[in-house]
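This is what each chain is made of:
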Amino acid sequence: MSDIMVQIPFHKLMERVMYEKENYNTVYGVSNLYTHDGKKDLNLFDHGLENPFGPAAGPHTQLAQNLVASYVGGSRFFELKTVQILDGHDLHVDKPCIRADDECYNVEWSTELYVPQALEEYIKGWYAIKLIAKEYGFGDPDKFIFNMSVGYNLEGIKSKKIDDFIEGLKDASNTETWKECEKWALDHVNDFKNIDEAYIKSISPKVCNSITLSTMHGCPSDEIEGIITHLLTNKKINTYLKCNPTLLGYDFVRKTMDDMGYDYMSFETHGFESDLQFEDAVALIRKMQELGKANGLTFGVKLSNTFHVKIKNSELPGQDMYMSGKALYPLTINVAAKLAKAFDGKLPMSFSGGADANNIKDIFNTGIWPITVATILLKPTGYQVIKKLATLLDECEFPADQTVNVSLLEELAKKAVEDSNYKKTEAARKKPLLTFGENVNVRVECKVTCGSCVNVCPNRANTTLMVDGVKRMLHIDDYCNECGNCYIFCPDKCTPYKDRLTLFAGKKELEDSTNQGFAVMGDRVIYRFDGTVKECALTDAPEVIRSFITALKEQQPYLL
Ligand code: SF4
Ligand code: SF4
């Protein structure tokens with residue numbers, strides 16, 4: 001068991017996609033596959049876009065397999081997980097870091113990979129989607145958008161590490177990852193039905209021409225202006241500034257949260273006073289819009305950032321956490337309305353803050369797009385819900401630009417603070433909070449293999465398979481970063497990523513863990529079962545291990 005995710009090489013990523021699609025009509029476990037009908041599209045940053053929807057910067061955009069799973073579900077706009085100068089082992093993320101049981105909280109922030117690894121993941125994801133879109137006819141391979149996200153200060157963003165990242169996504173053609181992807185595609189061109197050499201050679205290495213800027217809570221206005229100026233004038237990249245719900249002021253936020261049943265949420269006036277003030281934000285945005293125009297680029301805002309609250313009941317480790325999901329919606333939509341009014345609707349806005357099936361059409365119809373989500377994908381429908389949300393947006397009329405209808409948005413914002421869909425229910429208020437570590441149920445077998453842990457995992461780190469005619473769950477050590485979300489949703493009161501049988505990549509990984517599980521090494525196997533580690537020939541392994549290996553070979557050989 002380790003919280004370090006292992007990157008999947010491009011060839012393995014594609015081999016799995018092709019095997020699964022051919023044998024099960026699924027891709028990375030997503031069976032609700034979306035095909036765009038080609039009837040209409042949008043245009044953003046001079047780039048076609050089949051629909052304005054996708055995953056927000058977060059757990060669903062960290063690894064290439066997450067991007068692929070999201071695309072086949074129906075996502076077309078991807079906000080890549082934020083990178084910053086602090087990365088890999090230097091970045092401390094407390095674990096577990098996510099819980100999405102009702103409103104969502106997290107203590108994670110930027111990518112847990114090293115920045116060059118993040119670049120590799122995004123290029124692999126881009127290239128894989130280009131192949132998948134064409135081969136399986138899911139949509140126009142040129143009509144999805146990757147939007148990069150960087151933070152958190154000017155010095156870091158100007159550093160060589162982050163500058164190389166930005167330039168690598170503006171044009172990936174000189175990167176080793178691009179060359180590796182292209183070589184694999186050319187070497188396997190005969191394995192495709194709808195892809196030829198000319199298509200492979202035509203795949204654009206221009207992965208991103210837009211960026212979402214993330215700044216720390218409390219970042220001074222002149223620092224924000226310096227970063228945006230750098231991005232627009234030196235990097236020549238379309239830029240969105242992620243704004244905080246604190247723009248609404250303490251009194252409005254406190255009253256809204258209290259009225260909606262979130263009176264237990266703890267936050268202080270200080271955060272509102274140190275963050276960008278509304279009048280300063282308006283002046284800054286106006287200035288940056290002019291600068292964008294002068295550079296022939298779009299400048300807009302992303303609404304909103306998560307909301308900073310205090311940890312009071314051991315919801316997650318540490319002292320501070322970030323709220324999102326249903327409780328964030330009334331705040332985000334109200335920030336949007338306040339800003340839209342100040343700009344008479346002439347401020348491009350992207351949205352992330354509790355979008356779901358109930359509100360997504362209303363948000364889009366006000367003129368706010370693209371719309372990204374994270375919390376809803378962490379619930380038990382996981383990536384499978386994307387198709388529903390993308391299809392709802394397909395039913396709307398697509399606008400020619402991002403002008404916001406201010407009165408419609410104000411009406412929606414007013415309704416949101418009274419909408420029961422976003423209130424804390426009495427039942428949820430009464431439910432005791434499940435804390436981490438409470439459930440310890442070390443059994444390799446589930447009472448009923450419900451599959452929740454498979455769906456709620458952003459990294460596809462749990463799977464189910466038929467073992468001797470019985471549905472069983474298997475945890476995949478390599479893909480897991482111990483975010484903790486599957487723990488929250490397991491009805492069997494166990495910690496799926498610790499208590500259940502685990503597939504390891506090799507001996508070292510197994511020895512570094514305390515999980516029961518096994519690693520296959522040619523015709524030998526190393527395993528921990530009933531507490532002791534043993535190594536033997538496959539044929540001499542305990543029956544349960546042999547049965548799992550046989551099932552994997554037959555059903556999911558790409559995992560071995
Ligand atoms: S297996 Fe569980 S803890 Fe690991 S990444 Fe997936 S949801 Fe998070
Ligand atoms: S580990 Fe828990 S969530 Fe996963 S399949 Fe078993 S019972 Fe369901």
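Residues numbered from 1 in each chain as written. Chains lettered and ligands numbered in written order. Predicted model: local features only at pLDDT ≥ 70, side-chain atom pairs only at ≥ 80, totals over all residues. Heavy atoms only, no water.

**Q** Is there a simple way to think about the sheet that holds strand β20 (residues 532-537) in this case?
**A** Either a parallel or an antiparallel arrangement is found when strands of a sheet pair, and the pairing is made through backbone hydrogen bonds. Taking strand neighbours across the sheet as the criterion, the six strands line up as β15-β16-β17-β18-β19-β20 in an open arrangement whose pairing is mixed. Strands at the two margins of the open sheet, each flanked by one partner only, are β15 (462-467) and β20. Pairing analysis gives five bridges linking strand β18 (residues 517-521) to strand β19 (residues 524-529), with the strands arranged antiparallel. Its bridge partner lying in β19, Phe518 is registered against Tyr527. (Pairing = 2+ DSSP bridges. Helix = DSSP H or I, 4+ residues; strand = E, 2+ residues; numbered from the N terminus.)

**Q** How should I be thinking about the pairing of strand β10 (residues 299-303) in this particular structure?
**A** Within a regular beta strand, the side chains point alternately toward one face of the sheet and then the other, so they alternate between its two faces. For β10, a buried count of five out of five residues is recorded, marking the element as mostly surrounded by other parts of the structure. Residues of β10 alternate between two faces, with Phe299, Val301 and Leu303 on one and Gly300 and Lys302 on the opposite face, all of them buried. Pairing between strand β9 (residues 238-243) and β10: five bridges, direction parallel. Counterpart to Lys242 in the pairing with β10 is Lys302. In terms of strand pairing, β10 meets strand β13 (residues 349-351) through three bridges, oriented parallel. In the sheet register, Lys302 faces β13, and the bridge partner there is Ser350. (Buried < 20%, exposed > 50% of the residue type's maximum accessible area, 1.4 Å probe, protein only.)

**Q** I keep staring at the sheet that holds strand β12 (residues 320-324) and nothing clicks. Help me out?
**A** Here four strands make up an open sheet; going across it, the order is β5-β6-β12-β11 and the pairing antiparallel. Two strands in the sheet have a free side with no partner beyond their single neighbour: β5 (98-99) and β11 (307-310). Looking at chain direction, β11 and β12 are connected through four bridges and run antiparallel. Within the sheet, the bridge partner assigned to His308 lies in β12 and is Tyr322.

**Q** Looking at this structure, how should I read the site of ligand 2?
**A** As a structural note, the neighbourhood of ligand 2 is formed by 13 residues, with Cys446, Cys450, Gly451, Cys453 and Cys490 the closest of them. Taken together, the residues of the shell around ligand 2 break down into eight nonpolar, three polar and two charged. (Near = heavy atom within 4 Å. Nonpolar A, V, L, I, M, F, W, Y, C, P; charged D, E, K, R; others polar.)

**Q** How do you make sense of the nonpolar core when you look at a structure like this?
**A** For soluble globular proteins, the rule of thumb is that nonpolar side chains tend to be buried together. One finds Leu131, Phe165, Leu339 and Phe518 to be the most contacted residues of the largest nonpolar core, which totals 186 residues. Looking at this core element by element, the count peaks at 12 residues for helix α3 (residues 115-136). A domain-level breakdown of this core finds at least three residues from each of domain 1 (10-430) and domain 2 (452-559). Leaving out residues up to four positions away in the same chain, Leu339 has contacts with Leu247, Phe278, Val282, Ile285, Val301, Leu303, Leu347 and Met349. (Core = buried A, V, L, I, M, F, W, Y, C linked by side-chain atoms within 4.5 Å. Domains from an automatic or database assignment. Contact = heavy atoms within 4.5 Å.)

**Q** Where do I start with the site of ligand 1 in this structure?
**A** Surrounding ligand 1, one finds Cys457, Asn459, Ala461, Asn462, His475, Cys480, Asn481, Glu482, Cys483, Gly484, Cys486 and Tyr497. Of the residues in the shell around ligand 1, the class split is six nonpolar, five polar and one charged.

**Q** Would you take a moment to explain helix α11 (residues 278-294) for this structure?
**A** Here α11 spans 24 Å end to end across 17 residues, near enough to the 24 Å set by a 1.5 Å rise per residue. Taken as a whole, α11 has its buried residues at Phe278, Ala281, Val282, Leu284, Ile285, Met288, Gln289 and Gly292. Relative to the axis of α11, the buried residues are bounded by an arc of 165 degrees and lie together on one face. Facing away from the buried side of α11 by over 90 degrees, the exposed positions are Glu279 and Ala294. Residues of α11 that are buried make contact with α8 (221-234), β9, β10 and α12 (329-342). Note on α11: the residue one or two positions beyond its end, Gly296, has a positive phi of about 70 degrees. (Expected span 1.5 Å × (residues − 1). Arc of directions from axis to C-beta.)

**Q** When you look at the packing of aromatic side chains in this model, what are you seeing that I'm missing?
**A** By convention here, two paired aromatic rings are described through the distance between centres and the angle between planes. For the coordinates displayed, the defined rule picks out 27 aromatic pairs. Judged by centre distance (5.7 Å) and plane angle (65 degrees), the ring pair of Tyr19 and Tyr558 falls under edge-to-face. Separated by 539 residues along the polypeptide, Tyr19 in helix α1 (residues 10-24) and Tyr558 in the segment after α21 (543-555) bring together distant segments of the chain. For Tyr19, a relative accessible area of 26% corresponds to the partly exposed category. For Tyr558, a relative accessible area of 13% translates into the label buried. Feature note: the residues Phe10, Tyr127, Trp178, Trp184 and Phe192 constitute an aromatic cluster, connected by ring pairs. Over the face of the ring belonging to Phe278 we find Lys338, whose NZ or CZ atom lies 4.5 Å from the ring centre. (Phe/Tyr/Trp six-rings, centres within 6.5 Å; stacked < 30°, edge-to-face > 60°. Lys NZ or Arg CZ within 6 Å of the ring centre and 35° of its normal.)

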